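# Fold and geometry: a report
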Amino acid sequence: MADVFISYARADKARVAPLVAAIEAKGWSVWWDPEISPGKEFDDEIDQELQAAKAVLVVWTPVSVTSRWVRGEARDAAERGILVPVRFDQARLPIDVRALHTTDLDEWGENPASASAQACLQALGAMIAHAAGSASPATGKAGATKAAPEVAKPAPRYSICVLPFANMSGDPDQEYFSDGITEDIITDLSKVSALRVVSRNTAFRHKGENVDISKLASDLNVTHVLEGSVRKAGGRVRVSAQLIEGETDDHLWAERYDREDTDIFAIQDEISQAIAGALKLRLLPEEKKAIRKRGTDNAKAHDLYLMAREVYATSPEGDPRTAQAVVQICQRATEIDPNYAEAWALMAIGYRQLREAQGGGSSEGLAAIGRALALDPDLAEAHAVKAQLLQQDDDLAGAAAEAAIALKLDPESYEVNRSCARLDYQLQRFDDTIRFYEKAAALMEADINSAAMLISCYTAVGDAAGTRRAAELTLRRADAILAHDRNNAGVIGYSVDALAALGETERAKTRMERALLMDSGNRNMRYNFACMLVLRLNDKDAALQLLAPLLETVADSFLPYVKADPDLASLRDDPRWVAMVAKAEARLAAAKAAVEPANQTA
């Protein structure tokens, strides 16, 4: 564990790096989040490092003061008496840390010998020395043990795990609704800086389990657990929730809400407020406002959005039927609430997938994302989707700019991490790709595509252990879906690559044959099989047979991705592959040339 934990906003990475160098030059070890190891739980590692640090350096900037993560880390460090705050650009400090002396670094010029830098380093040194001194009893003359100074007890710090609310509707198709309520409550509580909330991914690992609350609280190092259930039928919704103290297993608060389903937002707000009240937490005005902020006030539109999001997250990438369903559901949601920016952004994702599968232009997707950004210019997911649409147009510079904006706005967003991963994959920046796909897979338990892409990424960088981990994750997620939908050919396709990566060749071949018989026209599945045949079985002939019909109709938006795919690297010198790609490029160029005069005439 490191001596110094640095809390900052990712957008400020460039100005934090010289600080890291100055601290390390003093011989102290430093932890900052670029050093998170791929494949580990981000939230868990951050918390372990934060708790073990001897000093916490918080870098306040106009960007970081708006980050609930930085504010929460600062509050934790202040309560433990190890906070060393510095400031750039005269950032307006959060009200609960204004009483602490903060060093301004605007004039330090990246010079460790400057007065402001020296003040910062001296403060860190004092914290580190104090921690080292308190590790063992201090001794006076003749070895007598000095009485340890009385340390003020820190203010209570609470942490909570929100278990997935059970779907009591008797209809598995309502699972998305109970999951959506759970996610919304996790999101709302995460806006409370005085409360540490276990990540969605960690909480959802316990979905459907008969949980021992005390053991769970101990294992996750949380003080409280929230559990509940949802029943939705006949235009009404019944939500039961109970807050349990982890150490004693006592019920601290419990309530049942039985109302019209249009009141679901009010119920969620009341649950969040009740938990804060039960724990005697003081919500800051901006935190109350943030909890109430939603993309729509229409419960029906929100319900449709949750439905579309589940369809998108649980279906194979590039499936035109899935994409069409996402578009249609979101169209209905935006008819109900035309100002629902998140639904417009999700609709654009559907259009992107349709284009990838069937070809065509980007006008519909760009129009939808333009509407989303007009409604909410700071919607990170909208910028992320725009990056993907520009990537399809081969505007990689524009895509990179939009991805950077999205990442700055919300580095914890599932769609943002997916978008960054797709772009870096095409650019063959695999270390970054791995980091983003790992984060996406952790943020969305149902996301099988990111898990499958990690198999390819770890193989590309020669990480056998990472490849195996990713294959095991993909297989677990595939089997979970196939347990309810055994004829889902697209998901079978993902499991084939996972089995092959795990060395289970015969099982992989058997599943591949079955999937091809069930859905021989599934383009995305055939492409994935071709990658597996080349990479795992070294069967170029079989792979080219699968790829030939795909390249005859491949869309212009997908061909650059195919050409850059590392799984197909060994085909690039094969004359048959070279001829296929050249023929596809000529076909697409001719089609583009035919369209341009028509557009000019129009």
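The rules behind each value
Residues numbered from 1 in each chain as written. Predicted model: local features only at pLDDT ≥ 70, side-chain atom pairs only at ≥ 80, totals over all residues. Heavy atoms only, no water. Helix = DSSP H or I, 4+ residues; strand = E, 2+ residues; numbered from the N terminus. Buried < 20%, exposed > 50% of the residue type's maximum accessible area, 1.4 Å probe, protein only. Contact = heavy atoms within 4.5 Å. Areas by Shrake-Rupley, 256 points an atom, 1.4 Å probe, with all protein chains shown as cover. Polar contact = N/O pair within 3.5 Å; in protein donor to acceptor, adjacent residues only side chain to side chain. Pairing = 2+ DSSP bridges. Axes fitted to C-alpha atoms, helices over the stretch in contact; angles between N-to-C directions. Core = buried A, V, L, I, M, F, W, Y, C linked by side-chain atoms within 4.5 Å. Arc of directions from axis to C-beta. Patch = residues over 30% accessible without salt bridge, like charges linked within 9 Å, V, L, I, M, F, W, Y side chains within 5 Å. Salt bridge = Lys/Arg side-chain N within 4 Å of Asp/Glu carboxyl O. Lys, Arg positive; Asp, Glu negative; His and termini not counted. Charge placed at Lys NZ, Arg CZ, Asp CG, Glu CD. Parallel < 35°, antiparallel > 145°, perpendicular 65-115°, else oblique. Left-handed = near helix turned anticlockwise from the far one by under 90°. Nonpolar A, V, L, I, M, F, W, Y, C, P; charged D, E, K, R; others polar. pLDDT = per-residue confidence, 0-100.

Take the overall build of the protein chain next. For the protein chain, the count of helices and strands is 25 helices and 11 strands. Counting across all 602 residues of the protein chain, residues that qualify as buried make up 52%. Taking as baseline every contact in the protein chain between residues at least 6 positions apart, the subset at least 24 positions apart corresponds to 64%. Summed over all atoms, the accessible surface of the protein chain reaches about 27,000 Å², with 51% contributed by carbon and sulfur.

What follows deals with the side chain of Thr296. Relative to the assigned elements, Thr296 resides in the loop between α9 (285–292) and α10 (299–314). A polar contact is formed between the side chain of Thr296 and the backbone nitrogen of Asn298, at a distance of 3.0 Å. One polar contact links Thr296 to Asp337, side chain to side chain, over a distance of 2.5 Å. Apart from the residues within four sequence positions on either side, Thr296 is in contact with Phe265, Ala301, His302, Asp337 and Tyr340.

Next up on the list: the sheet that holds strand β4 (residues 83–87). Strands sit in the order β2-β1-β3-β4-β5 across an open sheet of 5 strands; the sheet is parallel. Edge positions in the sheet fall to β2 (30–31) and β5 (103–104), since each has one partner strand and no second. Here strand β1 (residues 4–7) pairs with β2 via 2 bridges, running parallel. Along β2, the bridge assignment pairs Phe5 with Trp31. Packed on one face of the sheet, helix α3 (residues 68–80) meets β1, β3 (55–60) and β4 and runs near 140 degrees to β3.

Glancing now at the nonpolar core. Membership of the largest hydrophobic core comes to 68 residues, with the highest contact counts inside it found for Tyr527, Leu547, Leu568 and Trp577. Not counting residues within four places of it along the chain, the set of residues in contact with Leu568 comprises Tyr527, Ala530, Cys531, Val534, Leu547, Val562 and Trp577. Counting 67 residues, the second-largest nonpolar core is a separate cluster that includes Tyr176, Ala299, Ala368 and Ala382.

Taken together, the buried positions of helix α7 (residues 213–220) are Ile213, Leu216, Ala217 and Leu220. In an axial view of α7, the angular spread of the buried residues amounts to 100 degrees, which keeps them on one side of the axis. Exposed and facing more than 90 degrees away from the buried side of α7 are Ser218 and Asp219. You can read the cap of α7 off the contacts: a side-chain oxygen lies 3.2 Å from the backbone nitrogen of Ser214, and it is on Asp212.

Turning our eyes to something else, we now look at a negative patch on the surface. A cluster of acidic residues, Asp212, Glu245, Glu247, Asp249 and Asp250, forms a negative patch at the surface. Structurally, Asp250 is set in the loop between β10 (236–245) and β11 (251–260). Exposure remark for Asp250: the relative accessible area of 44% places this residue in the partly exposed category.

Running from N to C, helix α14 (residues 380–392) and helix α15 (residues 396–409) point in directions that differ by 165 degrees, and their axes come no closer than 8 Å. Here α14 is positioned roughly antiparallel relative to α15, judged by the angle of their axes. Of the two possible hands of crossing, α14 and α15 adopt the one that is left-handed. From α14, Ala380, His383, Ala384, Lys386, Ala387, Leu390 and Gln391 reach across to α15, where they touch Leu396, Gly398, Ala399, Glu402, Ala403, Ile405, Ala406 and Leu409. Partitioning the contact of α14 with α15 into residue classes produces 10 nonpolar, 3 polar and 2 charged.

For the pair helix α20 (residues 489–501) and helix α21 (residues 505–518), the least separation of the axes is 9 Å and the interaxial angle reads 160 degrees. Between α20 and α21, the angle falls in the class roughly antiparallel. Like other packed secondary-structure pairs, α20 and α21 cross with a definite hand, here left-handed. The residues of α21 that touch α20, namely those facing Ala489, Ile492, Ser495, Val496, Leu499 and Ala500, are Arg507, Ala508, Arg511, Met512, Arg514, Ala515 and Met518. Partitioned by chemical class, the residues of the contact of α20 with α21 number 9 nonpolar, 1 polar and 3 charged.

Turning to the confidence of the model for the protein chain, a few remarks are in order. Scored by pLDDT, the protein chain comes out at a mean of 83, with 90% of its residues at no less than 70. Element-level mean pLDDT values for the protein chain span from 68 in α9 up to 94 in helix α13 (residues 363–375). Counted against residues more than four places away or in other chains, residues 35–42, with its pLDDT under 50, gives 22 contacts.

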